[in-house]
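# Tertiary structure, described
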Amino acid sequence: MVGQSVSFQRYIEEDVPYAKARYQNESRRLFEVLDRQLAGREYVCDEVSIADFAMYPWVRAHKWARVSVEGLDNLQAWLPRMRAREGVGRGLAVGVPEAEVDQWSAERKQSYRRGGASIVTPVD
């Protein structure tokens with residue numbers, strides 16, 4: 001759902017209000033489910049697990065998807081906890097540096113919209 005929201009918010013040039021609202025609302029609903037699951041725990045299954053690593057990249061994209069995490073205190077505490085894990089930091093260091101993604105040229109963004117470029121730059 002978050003991936004669809006990102007697509008309609010950032011890459012699909014046609015304005016499709018129904019799709020934008022649908023994917024934003026469903027992403028927010030799923031974030032609320034995760035927030036409830038995290039109540040009283042540091043990780044989804046008490047101890048860190050594949051569930052945390054599978055969900056983290058999608059939740060992390062909430063700004064790109066334009067989905068608010070306001071009021072989701074457990075989820076907001078979980079995000080930096082996951083980001084602070086050494087392996088997560090190493091994984092995020094692969095590809096396009098975080099600070100550069102929003103500074104792509106209009107040409108690069110257009111190429112991505114057409115499917116001609118990857119959001120991840122190959123590492124030598």
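Above this text sits the structure in question.
Residues numbered from 1 in each chain as written. Predicted model: local features only at pLDDT ≥ 70, side-chain atom pairs only at ≥ 80, totals over all residues. Heavy atoms only, no water.

## Regarding the pattern of salt bridges
Tallied over the full model, the rule gives five salt bridges. One salt bridge connects K20 with D15, and the closest N-O pair in it is separated by 2.9 Å. (Salt bridge = Lys/Arg side-chain N within 4 Å of Asp/Glu carboxyl O.)

## Some details on the side chain of Q9
Mapped onto the elements of the fold, Q9 is located in helix 1 (residues 2–11). A distance of 3.1 Å separates polar atoms of two side chains, one belonging to Q9 and the other to R66. In this structure Q9 touches K20, Q24, W64, A65 and R66, once residues within four positions along its chain are discounted. (Helix = DSSP H or I, 4+ residues; strand = E, 2+ residues; numbered from the N terminus. Polar contact = N/O pair within 3.5 Å; in protein donor to acceptor, adjacent residues only side chain to side chain. Contact = heavy atoms within 4.5 Å.)

## Quick notes on the environment of E32
One can find E32 in helix 2 (residues 17–37). On the basis of relative accessibility, which here comes to 30%, the residue E32 falls in the partly exposed class. Separated by 39 residues in the primary sequence, E32 and G71 have C-alpha atoms spaced 9.2 Å apart. (Buried < 20%, exposed > 50% of the residue type's maximum accessible area, 1.4 Å probe, protein only.)

## Let's talk about the packing of helix 2 against helix 4 (residues 73–83)
Running from N to C, helix 2 and helix 4 cross one another at 80 degrees; their axes reach a closest spacing of 7 Å. What the angle tells us is that helix 2 and helix 4 run roughly perpendicular. From helix 2, F31, L34 and D35 reach across to helix 4, where they touch D73, N74, L75 and W78. A per-class count over the contact of helix 2 with helix 4 returns four nonpolar, one polar and two charged. (Axes fitted to C-alpha atoms, helices over the stretch in contact; angles between N-to-C directions. Parallel < 35°, antiparallel > 145°, perpendicular 65-115°, else oblique. Nonpolar A, V, L, I, M, F, W, Y, C, P; charged D, E, K, R; others polar.)

## Thoughts on the packing of helix 1 against helix 2
As a packed pair, helix 1 and helix 2 sit with axes 8 Å apart at the nearest point and diverge in direction by 145 degrees. Note that helix 1 runs across helix 2; the crossing there is left-handed. Residues V2, Q4, S5, F8 and Q9 of helix 1 pack against A19, K20, Y23, Q24, S27 and F31 of helix 2. Looking at the contact of helix 1 with helix 2 residue by residue, the classes come out as five nonpolar, five polar and one charged. (Left-handed = near helix turned anticlockwise from the far one by under 90°.)

## A look at the nonpolar core
If you look at the biggest cluster of nonpolar residues, it comprises 21 residues, and the most contacted ones within it are V6, F31, L34, V59, L75 and W78. Put simply, the parts of the chain that give this core at least two residues each are helix 1, helix 2, helix 3 (50–60) and helix 4. For this core, the element with the most residues is helix 4, which contributes four residues. (Core = buried A, V, L, I, M, F, W, Y, C linked by side-chain atoms within 4.5 Å.)

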